[in-house]
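So the chains spell out like this:
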Amino acid sequence: SKSQPSSIEFGKPTIQNSLSELDDQPLILTDSDNKDEPYEQIQFNIAKRADRYVVSFDVLVSIASGEFSVFFDTPTIQVLSFKPYQEIIVTQKMNNGHFVSETIGKYETNKVYKIFVTIDIKNKEWSIVIDNETVFKEEFFAESDDIQNIRFNNGQFLYGTKGMVGIDNIKISATSS
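Remember, predicted model here, so these are calculated numbers, not experimental data.

1. Things to note about the nonpolar core
Counting residues in hydrophobic clusters, the biggest one holds 36 residues, and the most contacted among them are Phe57, Leu80, Phe152 and Ile167. Leucine 80 has contacts with Phe57, Phe68, Ser69, Val70, Phe72, Ile88, Ile89, Val90, Ile104, Ile115, Val117 and Ile128, leaving out every residue within four places of it along the chain. Core analysis: the next-biggest nonpolar cluster, separate from the first, contains five residues, Leu19, Ile28, Leu60 and Val112 among them.

Below, the structure written as structure tokens:
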């Protein structure tokens, strides 16, 4: 079953009948018209004290003017981002306080990508699978032994045009051994 967001943090995300190939009422995130909050964001409160989390979703970037990101709050934020220049980037804050970013792929607009993120809290590692291909597997840097929140965000930040992202079939599961 699909997971339901705990809250809308910013903006006014909408449900649409379809967006290109996403045809099962996807959630649409656009760049907000509010210049003080130029993004839209939903949040899932997690904090299950689980050993392992799996997050899966389908995403389609229709207009790549903003940046679509998934934030994993531990409370240190680990980020999976679809950048406006069509690269997929992972950004992490390491335990020494330094940030490290790694390009893990490229994407095309108006194409659906199936994303699976597995976070093994117990063994401090995570992996990202896009369309059945493992594109990232590294250490997971967390300030705690849990994930407090997972946030889906789209925003224009410094960009001047209107971006649009559709996400669907969000599933979040937690397991312990």
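There's plenty left to go through after this.
2. Thoughts on the packing of aromatic side chains
Applying the stated criterion to the full structure yields nine aromatic pairs. Ring centres of phenylalanine 57 and phenylalanine 68 lie 6.3 Å apart, and the angle between their planes is 70 degrees; on these two criteria the pair is classed as edge-to-face. Here phenylalanine 57 is found in strand β5 (residues 52-63), whereas its partner phenylalanine 68 is found in strand β6 (residues 67-73), with eleven residues between them in sequence. Using a relative accessible area of 1% as the deciding quantity, one classes phenylalanine 68 as buried. Look at tryptophan 126 and phenylalanine 140: their rings are 5.3 Å apart centre to centre, the planes differ by 70 degrees, and that puts the pair in the edge-to-face class. A residue pair is termed long-range when its members are at least 10 positions apart, and tryptophan 126 in strand β11 (residues 125-130) and phenylalanine 140 in the loop between β12 (133-139) and β13 (149-155) qualify at 14 residues. Taking the relative accessible area as the measure of exposure, phenylalanine 140 reaches 2% and is therefore buried. A connected cluster of aromatic rings, assembled from ring pairs, spans Phe44, Phe57, Phe68, Phe82, Tyr107 and Phe152.

3. Details of unusual backbone geometry
One non-glycine residue, glutamine 86, adopts positive backbone phi at about 65 degrees. Position of glutamine 86 relative to the elements: it lies in the loop between β7 (77-82) and β8 (87-93). In this structure glutamine 86 comes out as partly exposed when scored by relative accessible area, which is 29%. In the Ramachandran plot, lysine 124 falls in the positive-phi region, its phi being about 55 degrees despite a non-glycine side chain. In this fold, lysine 124 is placed in the loop between β10 (112-120) and β11.

4. A few points about the environment of valine 100
The residue valine 100 is located in strand β9 (residues 99-106) in this model. With ten residues separating them in the primary sequence, valine 100 and valine 90 have C-alpha atoms 8.2 Å apart. Not counting residues up to four positions away in its chain, the partners in contact with valine 100 are Val90, Thr91, Gln92 and Met94.

What counts and how
Residues numbered from 1 in each chain as written. Predicted model: local features only at pLDDT ≥ 70, side-chain atom pairs only at ≥ 80, totals over all residues. Heavy atoms only, no water. Core = buried A, V, L, I, M, F, W, Y, C linked by side-chain atoms within 4.5 Å. Buried < 20%, exposed > 50% of the residue type's maximum accessible area, 1.4 Å probe, protein only. Contact = heavy atoms within 4.5 Å. Phe/Tyr/Trp six-rings, centres within 6.5 Å; stacked < 30°, edge-to-face > 60°. Helix = DSSP H or I, 4+ residues; strand = E, 2+ residues; numbered from the N terminus.

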